[in-house]
Amino acid sequence: MAASENKQDQKVTAAVDMLNGPLKEIRVSPQLNENIRTMKSLFEKDETFILREVETQSQPSVKFALVYCAGMVDSAIIGDNIIRPLTAAKLSDTGKNLYETVLTEILYIHNPTAASGFQDIVEAVTSGDTALFIPQSREALILGTQGFPLRGIEEPAGESILSGPKEGFCESMVTNLSFIHRRLRTNDLKMEMRVFGSRTRTKACICYLRQLVKPAILNELIRRLDTINIDGVLDANYLNELIRDNPLSPFRCTGYTERPDVVVGKLLEGRIAIFLDGTPVVLTVPYLFIENFQSNEDYYLNFYYTSFSRMLRIAGFLVTITVPALYLAVTTHHQQLLPTPLLINITNERLNVPFPMWLELLALLLAFDVLRETGIRMPSGVGQAMSVVGALVLGTAAVEAKIASSLVIIVVALSGITSLLIPKLNAPNIIVRLFLFACASLEGLPGFAMGCIIILIHILSLKSLGVWQVSASGNMNFQHNKDILFRAPLWKMQERPDSIATGKKRMASRKRGWWR
Amino acid sequence: MVALKHRIISCAVCFLLLFGGCGNYHELNEFDIVAGMAIDSTEDGYKVTLELVNKEGSMQEGLSSNIITLESETVPAALASSNARFNKQFQFGNMQVIVISEDIARDEGIMELLNNFLRDYSIRETILLLVATGESAEETLCAKGIDTAIASFVLEEIIRPPGKTNSHTKEISIYSALDTLNTPGKTLVLPCVQTWQDEEKTTYVEISGLAAFSGDRLQMLLPQRETPFYLYAIGQLQTHEFTFTLPESREQISIQVTKSDTKRSFYESENAIVFRFDITASGKLTHTPPGIDITKLKEKSAIEQAASEALNNSVSDLLTACLEECGLDIADMQYDIYLWNRSLWEKLDRTPENLLNIVIDVNAQIEISSSGNIRNT
């Protein structure tokens, strides 16, 4: 069994290597024309590929070749800092070879690098850098000329807050890393680079504070990342799905955020952040289940208010997954549990509804999800209008047309609205809600209870990089519970989560030194 | 492979368990809600009357009910006979009351009926039990309340009023009735219900007193006016408008008792068992004849003494009458003996005749906590 799996893995690896295999073999030639031919053949039928030959005024026989991709480069840098100095250069026999002269005396480019293989050259050119081929040189110069348009720094729409920093990440990893550097001015901050995707060659950065991170967790993450062998990585979720524990679970095993302050907060707790070029989403690991209910704003506002908000979020999670199932179980299996006035009202409401309760409820739950999806996918103005039309007009019309009863509309709306309290659990909510709904529909309250137990067992078995997401130790120590159901005042949060970080103490013993 | 096998078996067991409940699935449109049940005896067996809630109405707009009667040799058989006449099932889970006719309670006993109810899982054990003292139990469900058309709901609200203000009857559910019948030394006492007509010949229901049982058979009916004194004796009185006569002036005074407590004790004395009831109650004056000044300590003490004596006599007379006339220990004195002095219980001759050896000693103390005046007269 294991041997056949290994054989399959080898086949896949070989197939992926074929994509870039020949490039590794091709080296830069001292003959400029040969390099030009190679580049032209590599970028055949790519009309964004630009090859510009430049000759110096002093010695027209000496030619250079510049290679870059249109739209990816800053043309002003190429014109002012590369082409103009090259054409104006006065080459003389100073004993230096041409490569060194160009590198040290002519170019006005910060931090040029040398590349001798065409794989590096292709990667650089497709990233927006410019490759400069110099005659009689076995190396090309890679010049940083990136100048493609990027989205500006905005507040992330999915994580908007009332109070606190409003900055959000953008699609440039370098810019995103600068946000972290600006907030963490310590040499303890480590940033290890990786490249993923045999075709996309997407850069990634593993970021952590060396003295806080647990080596075992870091090593496990690196081990998992190093086994990734895929042709393209377009978003952080690619990495998430490839490195996560419990691969089939609907619940998240890695945190994600678009806010630098959140990433810094996680790093200070001993977590590891994974940045990926081309996406504003940053992954954080290990991920604890309670993080689903935490928000960065929890630490920027009064702790009474934020503790209340957190309890609301937890209650919202319980309400959104259980209310439809409970309603169905009680009204179809255990009517005697309902107070008589309520039973009469519900029965009266349903007198003319032609569909069975489960179908009515299921249809409306799906309709709510359709409206939600429509609201998200449509442009914001249309989306809002769609939500209002859906909620008000369709709901009212459905009740008046006796297709649905008003109580079911209330149940679905309650379930839907409470799910919006916890956006991080949107996807699991839908699946868990439908699962409990199916259990309750088949067996009533015993089925519902069984479904809840299954969900609870599943949540208790969740891991993130080998760390249990929910601690079942029953440790009632204050420091273990200071940031779970409620958020303790900052001067009481003296320790980091010990399952994640090595350095436990985060605060001096005299928390509020001015206090006499 | 073993793990896979276990997973498949676990999934199969889960699905079997889940699908096993499909039989309990009932749409709300598929049944009628039974609000109450009345049981009368006929020559061939039983007549069961069901009060069904009319689902067209709502609690806000006002409810109405439909009455149906079913007859057969037994109550379950009568209920089963409905299948031939009605297309819907009955939902007993929200039934409020079961009214048993006086004839059945007196002649046949209620144990058999209670057993029937326990066998039906859909019937709650907290449904109230009542005894109809009119012509039949059926007529109580055919009547209505003053503000609600459904007689069963009216009865339930009278017996279980909101705010714990009950002073007119005792609440007994199927569960506690069975518990009473099966506990040594306890006597079953159920509320009675009857109908009455106003001038427009509209029939209403009302609580009419208490029915005391010997075993599971009705033995004695207590009028409604005696109910509060019974509740004093068993320590379950919540509020009571107590009216008595001043011995000297023969004038009526009312005290609204809002707090009462009864301590019960017993001791052996020569050939009798003395059972002592220490009742302490307090409340405010709600009616006094003119000229009485409650601020004067002497007058207040005189009223309190008169009230205490009146309460003393009322409770004592009630308990003694039950003992002497019917051999009924309605205050569960024997149960206290069973509970606290097992050796005495073992040697106690528990025949009704021997109950006469119990001496009732009531010691009531009523305190006037407030004159009740909120304005100067």
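**Considering the overall build of chain A**
- Counting its regular elements, chain A contains 17 helices and 12 strands.
- Dimensions of chain A along its principal axes, counting C-alpha atoms only, are 105 × 65 × 55 Å.
- For chain A, the residues scored as buried account for 33% of the 516 residues in total.
- Within chain A, contacts between residues separated by at least 24 positions form 67% of all contacts whose residues are at least 6 apart in sequence.

**A word on the overall build of chain B**
- What chain B contains, in helices and strands, is 11 helices and 13 strands.
- Counting only C-alpha atoms, chain B reaches 90 × 60 × 55 Å along its principal axes.
- Counting only residues that meet the buried cut, chain B has 36% of its 377 residues in that class.
- Taking the contacts inside chain B whose residues are at least 6 apart along the sequence as the reference set, 69% of them involve residues at least 24 apart.

**Some remarks on the nonpolar core**
- Counting 96 residues, the largest nonpolar core has Ile39(B), Val99(B), Ile100(B), Leu130(B), Ala211(B) and Val315(B) as the members making the most contacts within it.
- With sequence-adjacent residues up to four places away left out, Val99(B) is seen in contact with Gly36(B), Ala38(B), Leu130(B), Ala132(B), Ala137(B), Thr140(B), Leu141(B) and Val193(B).
- Core analysis: the next-biggest nonpolar cluster, separate from the first, contains 43 residues, Cys207(A), Val262(A), Leu288(A) and Ile500(A) among them.

**Describing unusual backbone geometry**
- Residues Val285(A) and Pro286(A) are joined by a peptide bond in cis, for which omega reads -5°.
- Locating Pro286(A) in the fold gives a position in the loop between strand 10 (282-285) and helix 10 (303-332).

**Comments concerning the domain arrangement of chain A**
- According to the domain assignment, chain A consists of domain 1 (13-143), domain 2 (157-287) and domain 3 (303-467).
- The centre of domain 1 of chain A, based on its C-alpha atoms, is set 33 Å off from the matching centre of domain 2 of chain A.

**What about the sheet that holds strand 2 (residues 63-69) of chain A?**
Residue and element names in this part refer to chain A.
- Taking strand neighbours across the sheet as the criterion, the 5 strands line up as 1-2-4-5-3 in an open arrangement whose pairing is antiparallel. Looking at which strands have only one partner, the edges of the open sheet turn out to be strand 1 (49-55) and strand 3 (113-115). Recorded for the sheet is a direction-independent mean angle of 25° between the axes of neighbouring strands.
- As paired elements, strand 1 and strand 2 share 7 bridges and run antiparallel to each other.

**Looking at the interface of chain B and chain A**
- Contacts between the two partners involve 23 residues from chain B and, on the opposite side, 24 residues from chain A.
- The biggest single contributor to the side of chain B that touches chain A is helix 1 (residues 2-19) of chain B, with 3 residues.
- Counted by class, the side of chain B that touches chain A contains 10 nonpolar, 10 polar and 3 charged residues.

**Examining the packing of helix 10 of chain A against helix 14 (residues 406-419) of chain A**
Residue and element names in this part refer to chain A.
- At a minimum axis separation of 8 Å, helix 10 and helix 14 run at an interaxial angle of 160°. It follows that helix 10 is roughly antiparallel to helix 14 by the angle criterion. The handedness of the crossing between helix 10 and helix 14 is left-handed. In contact with Gly 316, Val 319, Thr 320, Val 323, Pro 324 and Tyr 327 of helix 10, helix 14 contributes Val 411, Val 412, Leu 414, Ser 415, Thr 418 and Ser 419.
- A breakdown of the residues in the contact of helix 10 with helix 14 according to their chemical character gives 7 nonpolar, 5 polar and no charged.

**Overview of the pairing of strand 7 (residues 189-197) of chain B**
Residues and elements named next belong to chain B.
- Buried residues dominate strand 7, accounting for 7 of its 9 residues.
- Across 2 bridges, strand 6 (residues 128-132) lies against strand 7 in parallel orientation. Its bridge partner lying in strand 7, Val 131 is registered against Cys 192.
- Bridging between strand 7 and strand 8 (residues 203-214) involves 9 bridges; their strand directions are antiparallel. Bridging from a neighbouring strand, Val 189 pairs with Ala 212 of strand 8.
- Count of turn residues in the strand 7/strand 8 antiparallel hairpin: 5 residues, of which Lys 201 carries a positive phi of about 65°.

**Some thoughts on the sheet that holds strand 11 (residues 252-269) of chain B**
Residues and elements named next belong to chain B.
- Taken in spatial order, the 4 strands line up as 10-11-12-13 in an open sheet, and their pairing is mixed. What marks the edges here is a single partner per strand, and that holds for strand 10 (240-245) and strand 13 (358-370). In this sheet, neighbouring strand axes are inclined to one another by 40° on average, regardless of whether the strands run parallel or antiparallel.
- Here helix 10 (residues 333-340) sits on the sheet and contacts strand 11, strand 12 (272-287) and strand 13; the angle it forms with strand 11, its principal contact strand, is near 45°.

**Describing the domain arrangement of chain B**
All names here are of chain B.
- By domain assignment, chain B separates into domain 1 (30-223) and domain 2 (239-377).
- For domain 1 versus domain 2, the distance between C-alpha centres works out to 32 Å.
- Tallying the contact residues gives 12 residues for domain 1 and 12 residues for domain 2.
- Looking at the side of domain 1 that touches domain 2 residue by residue, the class counts come to 4 nonpolar, 7 polar and 1 charged.

**Overview of the environment of Gly447(A)**
- Residue position: Gly447(A) is located in helix 16 (residues 445-460).
- Taking the C-alpha atoms as reference points, Gly447(A) and Cys170(A), separated by 277 residues in sequence, lie 46 Å from one another.

**Regarding the pairing of strand 2 (residues 46-53) of chain B**
Residues and elements named next belong to chain B.
- A large share of strand 2 lies buried, amounting to 8 of its 8 residues.
- Because side chains alternate across strand 2, one face comprises the buried residues Tyr 46, Val 48, Leu 50 and Leu 52, and the other comprises Lys 47, Thr 49, Glu 51 and Val 53, equally buried.
- Of the pairings in the sheet, the one linking strand 1 (residues 31-41) to strand 2 comprises 7 bridges and is antiparallel in character. By the bridge assignment, Ser 41 is partnered in strand 2 with Tyr 46.
- Taking the residues that link successive antiparallel strands as the turn, the strand 1-strand 2 hairpin has 4 residues.
- Here 8 bridges tie strand 2 to strand 3 (residues 65-72), and the two strands are oriented antiparallel to one another. Its bridge partner lying in strand 3, Tyr 46 is registered against Ser 72.

**A short note on helix 16 of chain A**
Residues and elements named next belong to chain A.
- Relative to the 22 Å expected for 16 residues at 1.5 Å per residue, helix 16 spans 22 Å between its end C-alpha atoms, a close match to the ideal helical length.
- What helix 16 keeps buried is the set Gly 447, Phe 448, Gly 451 and Ile 455. The buried residues of helix 16 occupy one face: seen down the axis, they fall within an arc of 100°. Along helix 16, the residues that are exposed and aim more than 90 degrees away from the buried face are Ile 453, Leu 456 and Ile 457.

**Focus on the packing of helix 4 (residues 111-119) of chain B against helix 7 (residues 174-182) of chain B**
Residues and elements named next belong to chain B.
- It is the contact of helix 4 with helix 7, at a shortest axis distance of 11 Å, that shows an interaxial angle of 130°. The angle between the axes of helix 4 and helix 7 places the two elements in the oblique class. Classified by chirality, the crossing of helix 7 by helix 4 is left-handed. Each of Met 111, Leu 114 and Phe 117 in helix 4 lies in contact with helix 7, whose residues at this interface are Ile 174, Ala 177, Leu 178 and Leu 181.
- A per-class count over the contact of helix 4 with helix 7 returns 7 nonpolar, no polar and no charged.

**Focus: the environment of Ala78(B)**
Residues and elements named next belong to chain B.
- The topology assignment puts Ala 78 in helix 2 (residues 75-80).
- For Ala 78 and Gly 45, which are 33 residues apart along the polypeptide, the C-alpha to C-alpha distance reads 9.2 Å.
- Among all residues touching Ala 78, those that are not within four sequence positions of it are Tyr 46, Val 48, Leu 70, Glu 71 and Ser 72.

Conventions and cut-offs
- Residues numbered from 1 in each chain as written.
- Chains lettered and ligands numbered in written order.
- Predicted model: local features only at pLDDT ≥ 70, side-chain atom pairs only at ≥ 80, totals over all residues.
- Helix = DSSP H or I, 4+ residues; strand = E, 2+ residues; numbered from the N terminus.
- Buried ≥ 20, exposed ≤ 12 C-beta atoms within 10 Å, placed from the backbone.
- Contact = placed C-beta atoms within 7 Å.
- Core = buried A, V, L, I, M, F, W, Y, C linked by C-beta atoms within 7 Å.
- Domains from an automatic or database assignment.
- Pairing = 2+ DSSP bridges.
- Axes fitted to C-alpha atoms, helices over the stretch in contact; angles between N-to-C directions.
- Nonpolar A, V, L, I, M, F, W, Y, C, P; charged D, E, K, R; others polar.
- Parallel < 35°, antiparallel > 145°, perpendicular 65-115°, else oblique.
- Left-handed = near helix turned anticlockwise from the far one by under 90°.
- Expected span 1.5 Å × (residues − 1).
- Arc of directions from axis to C-beta.

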